[in-house]
Amino acid sequence: MSDTWKVGPYEFSSRLLVGTAGYPNYQVLLDALAASGAEVVTVALRRLDVEASQQAGLLEILGDRFTILPNTAGCFTARDAVLTAHLAREALETDLIKLEVIADDETLLPDGEELLSAARTLVDDGFVVMAYTNDDPILCRKLQDIGCAAVMPLGSPIGSGMGIRNPYNFRIIRDLLEVPMVLDAGVGTASDATLGMELGCDGVLLNTAIAGAEHPATMAKAFRLATEAGRLAYRSGRIPRRLYASASSPVEGLIRHGGD
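A brief structural summary. If you're wondering where the values come from, they're calculated on a predicted model, not measured in any experiment. (Residues numbered from 1 in each chain as written. Predicted model: local features only at pLDDT ≥ 70, side-chain atom pairs only at ≥ 80, totals over all residues. Heavy atoms only, no water.)

1. Digging into the overall build of the chain
Line of reasoning, step 1. Each helix and strand in the chain was counted, giving 10 helices and 10 strands.
Line of reasoning, step 2. Expressed as lengths along the three principal axes of its C-alpha atoms, the size of the chain is roughly 85 × 40 × 40 Å.
Line of reasoning, step 3. With 260 residues in all, the chain has 47% of them scored as buried.
Line of reasoning, step 4. Accessible area of the chain: about 13500 Å², with a carbon and sulfur share of 50%.
Line of reasoning, step 5. Across the chain, 22 positive and 34 negative side-chain charges occur, with their mean positions spaced 8 Å apart. (Helix = DSSP H or I, 4+ residues; strand = E, 2+ residues; numbered from the N terminus. Buried < 20%, exposed > 50% of the residue type's maximum accessible area, 1.4 Å probe, protein only. Areas by Shrake-Rupley, 256 points an atom, 1.4 Å probe, with all protein chains shown as cover. Lys, Arg positive; Asp, Glu negative; His and termini not counted. Charge placed at Lys NZ, Arg CZ, Asp CG, Glu CD.)

Here it is, written out as structure tokens:
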């Protein structure tokens, strides 16, 4: 059964999106990307010398094999994020953008007010916006209502590896959203991705959990399988949770000592 998903006009088969930062060299990165099965890779434009990259660096190595998702990492205001998005569209010839507007450089948590402002502007400017946000159901719904093509709530702070700290909110967000919901940030190991998918996420975006692993390519494969398993489990419909035991075998007709 086909199980593709769409972000605006873009359609994908893989539900694992992978970052490109923090790898020791390009070969390790390429091995990890191959093992992940990812179709979408994200790059931070503010940390990328686009002209040099087009000649001999990251973008040339990635080539046409992946959909490049530029992001506005490192932006602290709506104005900076909008400017960075426009630079990305001009340099990379894409209207796809992962929008990040960070409140401070200690927590790296999103600034909801600046995020909403930037999202409104970019949607009006014709961007396909994937908005990185807090796991706040109301803020997520507002981003959808503005016109974001995907909403990306954090599981926990960027790079923390703490996984999804509030599954309850994720369930509410899933219930409120019609656009794709992508787990983004805080993912530490493969089971975090599985949980996110079981909670109804349409995809998982991560970077450090693979790039910082002892064996990045092996970890990337683990995440690919974990994401697929979580998606299958979500689509299959899990059994309800019960406080007490419930026998899986029939109890009628059991042989009883001394019985009739």
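2. Focus on the environment of isoleucine 61
Line of reasoning, step 1. In this fold, isoleucine 61 is placed in helix H3 (residues 58-62).
Line of reasoning, step 2. Overall, isoleucine 61 belongs to the partly exposed group, its relative accessible area being 21%.
Line of reasoning, step 3. Once the C-alpha coordinates of isoleucine 61 and glycine 186 are considered, the two residues, 125 residues apart in sequence, prove to be 27 Å apart.
Line of reasoning, step 4. Apart from residues no more than four positions distant in its own chain, isoleucine 61 is found in contact with Tyr26 and Leu30. (Contact = heavy atoms within 4.5 Å.)

3. Observations regarding the side chain of serine 36
Line of reasoning, step 1. Tracing the sequence through the fold places serine 36 in helix H1 (residues 26-36).
Line of reasoning, step 2. The class for serine 36 is buried, based on a relative accessible area of 1%.
Line of reasoning, step 3. A distance of 2.8 Å separates the side chain of serine 36 from the backbone oxygen of leucine 33, its partner in a polar contact.
Line of reasoning, step 4. Setting aside its immediate chain neighbours within four residues, serine 36 contacts Leu16, Val18, Ala220 and Arg224. (Polar contact = N/O pair within 3.5 Å; in protein donor to acceptor, adjacent residues only side chain to side chain.)

4. Examining the layout of surface pockets
Line of reasoning, step 1. Estimated volume of the second largest pocket: approximately 420 Å³.
Line of reasoning, step 2. As for the second largest pocket, its lining consists of Pro167, Arg171, Arg174, Asp175, Leu195, Glu198, Leu199, Gly200, Ala233, Tyr234, Arg238 and Arg241.
Line of reasoning, step 3. Only helix H7 (167-176), helix H8 (190-198) and helix H10 (216-236) provide two or more residues apiece to the lining of the second largest pocket.
Line of reasoning, step 4. At 4 residues, H7 tops the list of elements feeding residues into the lining of the second largest pocket.
Line of reasoning, step 5. Per-class residue counts for the lining of the second largest pocket are 5 nonpolar, 1 polar and 6 charged. (1 Å grid on protein atoms, 1.4 Å probe; cavity = no way out; pocket = protein on both sides within 12 Å on 5 of 7 lines; lining within 4 Å. Points joined across faces, edges and corners; volume = space filled by probe spheres on them. Nonpolar A, V, L, I, M, F, W, Y, C, P; charged D, E, K, R; others polar.)

5. Details of the pairing of strand E7 (residues 128-133)
Line of reasoning, step 1. Of all 6 residues in E7, 6 are buried; the element is thus mostly enclosed.
Line of reasoning, step 2. Residues Val128, Met130 and Tyr132 line one face of E7 and the alternating positions Val129, Ala131 and Thr133 line the opposite face, and both faces are buried.
Line of reasoning, step 3. Between strand E6 (residues 96-99) and its parallel partner E7, the chain crosses via helix H5 (residues 112-124), and the hand of that crossover is right-handed.
Line of reasoning, step 4. Across 4 bridges, the pairing between E7 and strand E8 (residues 150-153) is parallel. What sits directly across from threonine 133, in E8, is proline 153.
Line of reasoning, step 5. What joins E7 to E8 is helix H6 (residues 137-146), and the crossover it makes is right-handed. (Right-handed = clockwise from strand over helix to strand, strands pointing away. Pairing = 2+ DSSP bridges.)

6. Quick look at the nonpolar core
Line of reasoning, step 1. Of all hydrophobic cores here, the largest spans 60 residues; its most connected members are Leu99 and Leu143.
Line of reasoning, step 2. Considering every element that reaches this core, the biggest residue donor is helix H4 (residues 78-92), with 6 residues.
Line of reasoning, step 3. What leucine 99 contacts, discounting residues up to four positions off in sequence, is Thr72, Ala81, Leu115, Ala118, Ala119, Leu122, Val129, Met130, Ala131 and Tyr132.
Line of reasoning, step 4. Residues Val7, Phe12, Val40 and Leu205 belong to the second largest nonpolar core, which totals 14 residues. (Core = buried A, V, L, I, M, F, W, Y, C linked by side-chain atoms within 4.5 Å.)

7. Points about the packing of H4 against H5
Line of reasoning, step 1. Between H4 and H5, whose axes approach to 8 Å, the crossing angle comes to 35°. As H4 packs across H5, the resulting crossing turns out to be right-handed. Between H4, through Ala78, Ala81, Val82, Ala85 and His86, and H5, the contact on the second element is made entirely by Glu114, Ser117, Ala118, Thr121 and Leu122.
Line of reasoning, step 2. By residue class, the composition of the contact of H4 with H5 is 6 nonpolar, 3 polar and 1 charged. (Axes fitted to C-alpha atoms, helices over the stretch in contact; angles between N-to-C directions. Left-handed = near helix turned anticlockwise from the far one by under 90°.)

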